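So you can see what is in the structure, the chains are spelled out below.
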Amino acid sequence: MKALVVSGGGSKGAFAGGVAQYLMEQKGNAYDMFLGTSTGSLLIPHLAVNDIPKVYDIFTNVSQSTIFSINPFIQRKKDNREYVTINYFNSMLQFIKRKRTFGESKALRKNILKNFTKEEYAKIRATKEDVVVTVSNLSKNRVEYKSIKDFSYEEFCDWIWISCNYIPFMSLATRNGFEYADGGLGCVIPIREAIQRGATEVDAIVLESENLEYNKVLGKNPFSLLISLFGHLLDQVEKSDIALGKLAAKNKNVKLNLYYTPTKLTENSLIFSKRLMVDWWQQGFDYAKAKNENSYAMNDLKTGS
């Protein structure tokens, strides 16, 4: 059973879309199971119904207004650099309302319901082994995996949304008396979960570079500093997830193919720029193509053909 796993990574999800397009359309990979965290959770339902043009259109046109009903950021551009600053008015409004987050992401939930249809939900349940999204149960301090097989259409759309809620900048959700947030707070890329659910081959798209050394630019305002610190913590979680995934793959003789970003795409994955995301999608496609062509060339050398 073949699984596609996509990590969290905000706007970098466009890169994952390009990789998936190559693997599914050019390489001809047919996946039985799809697992994702955060932005990966947004991608996988559309990949499961094999609608690449639709997911390309969605992911390359995401903007702040697509996600935030109350936006804690103002996105700015200087020369070729795009960055975010604090939206002081909205942040103060949240404090006045005694909210625990700087922003709200209810617009994202509406867009999930708009873009992922009941017909697509039914098609996945009828034709795929599973589609699974990762969420963090903050009340119980644990990671949970929500399968499309276990929930109604509206409930599953809720779990997709919750998987993406990067607190304290987005909504904190309460379900069944428990508080939930972004799955990446506990598991950035659920490789081991895919293996535990029966995958015998896993293609995992990791929205971070593997060994690239660079100096992280720490934020110049409290919000960007928080994002930088959260990014550091999530990097450590991701490394642990990959190590555990590799170990599980080795123990169960599972073929694991890892697709990293070849460069550092962005310091802030909450910056959504059509220009950048179109470029990242193409980078993902080209990277997956080059990686597979190099793999074929190495196999030919080994066999002497």
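Structure shown above.
A few points on the structure.

Conventions and cut-offs
- Residues numbered from 1 in each chain as written.
- Predicted model: local features only at pLDDT ≥ 70, side-chain atom pairs only at ≥ 80, totals over all residues.
- Heavy atoms only, no water.
- Buried < 20%, exposed > 50% of the residue type's maximum accessible area, 1.4 Å probe, protein only.
- Helix = DSSP H or I, 4+ residues; strand = E, 2+ residues; numbered from the N terminus.
- Arc of directions from axis to C-beta.
- Polar contact = N/O pair within 3.5 Å; in protein donor to acceptor, adjacent residues only side chain to side chain.
- Phe/Tyr/Trp six-rings, centres within 6.5 Å; stacked < 30°, edge-to-face > 60°.
- Salt bridge = Lys/Arg side-chain N within 4 Å of Asp/Glu carboxyl O.
- Patch = residues over 30% accessible without salt bridge, like charges linked within 9 Å, V, L, I, M, F, W, Y side chains within 5 Å.
- Areas by Shrake-Rupley, 256 points an atom, 1.4 Å probe, with all protein chains shown as cover.
- Lys, Arg positive; Asp, Glu negative; His and termini not counted.
- Charge placed at Lys NZ, Arg CZ, Asp CG, Glu CD.
- Contact = heavy atoms within 4.5 Å.

Regarding helix α3 (residues 52-59)
Moving on, step 1. Taken together, the buried positions of α3 are Ile52, Val55, Ile58 and Phe59. In a view along the axis of α3, the buried residues occupy a sector of 125°, so they form one face of it.
Moving on, step 2. Its side-chain oxygen placed 3.2 Å from the backbone nitrogen of lysine 54, aspartate 51 serves as the N-cap of α3.

As for the packing of aromatic side chains
Moving on, step 1. Under the definition given, this model contains 13 aromatic pairs.
Moving on, step 2. With 4.9 Å between their ring centres and 90° between their planes, tyrosine 56 and tryptophan 281 make a pair best called edge-to-face. Pair noted here: tyrosine 56 is in helix α3 and tryptophan 281 is in helix α11 (residues 274-303), with a separation of 225 residues, a long-range link.
Moving on, step 3. Here the aromatic rings of phenylalanine 73 and phenylalanine 169 are separated by 5.4 Å at their centres, their planes lie at 40°, and the arrangement is tilted. Of this pair, phenylalanine 73 sits in strand β3 (residues 73-78) while phenylalanine 169 sits in the loop between α8 (153-163) and β7 (173-175), and the two are 96 residues apart along the sequence.

With respect to the pattern of salt bridges
Once the charged atoms of two side chains with opposite charge are near each other, the side chains can pair.
Moving on, step 1. This structure, assessed with the given rule, holds 12 salt bridges.
Moving on, step 2. Notably, a salt bridge pairs arginine 175 with aspartate 158, separated by 3.2 Å at the nearest N-O pair. Pair noted here: arginine 175 is in strand β7 and aspartate 158 is in helix α8, with a separation of 17 residues, a long-range link.
Moving on, step 3. With a relative accessible area of 13%, aspartate 158 lands in the buried category.
Moving on, step 4. The network of salt bridges with shared partners includes Lys12, Glu208 and Lys264.

With respect to the environment of asparagine 253
Moving on, step 1. By secondary structure assignment, the location of asparagine 253 is in the loop between α10 (222-251) and β10 (255-260).
Moving on, step 2. With 53 residues separating them in the primary sequence, asparagine 253 and threonine 200 have C-alpha atoms 7.6 Å apart.

Brief notes about a positive patch on the surface
Moving on, step 1. Together, Lys97, Lys99, Lys106 and Lys110 make up a region of like positive charge exposed at the surface.
Moving on, step 2. Mapping lysine 110 onto the fold places it in helix α6 (residues 106-115).
Moving on, step 3. Owing to a relative accessible area of 63%, lysine 110 belongs among the exposed residues under this scheme.

Quick notes on the environment of glycine 103
Moving on, step 1. Examined against the element boundaries, glycine 103 turns out to sit in the loop between α5 (88-96) and α6.
Moving on, step 2. We classify glycine 103 as buried; its relative accessible area is 0%.
Moving on, step 3. Taking C-alpha positions, glycine 103 is 25 Å from leucine 265, a pair spaced 162 residues apart along the chain.

Section: the environment of tyrosine 83
Moving on, step 1. Along the polypeptide, tyrosine 83 turns up in strand β4 (residues 81-86).
Moving on, step 2. Taking the C-alpha atoms as reference points, tyrosine 83 and glycine 13, separated by 70 residues in sequence, lie 18 Å from one another.
Moving on, step 3. Apart from residues no more than four positions distant in its own chain, tyrosine 83 is found in contact with Ile74, Gln75, Arg76, Lys77, Lys78 and Ile271.

Some thoughts on unusual backbone geometry
Moving on, step 1. Cis geometry marks the peptide bond from isoleucine 167 to proline 168, where omega comes out at 10°.
Moving on, step 2. Relative to the assigned elements, proline 168 resides in the loop between α8 and β7.
Moving on, step 3. Here arginine 98, not a glycine, exhibits a phi torsion of approximately 60°, which is positive.
Moving on, step 4. With respect to the secondary-structure elements, arginine 98 resides in the loop between α5 and α6.
Moving on, step 5. Its relative accessible area of 77% is what places arginine 98 among the exposed residues.

What is shown is where atoms sit, not what they do.
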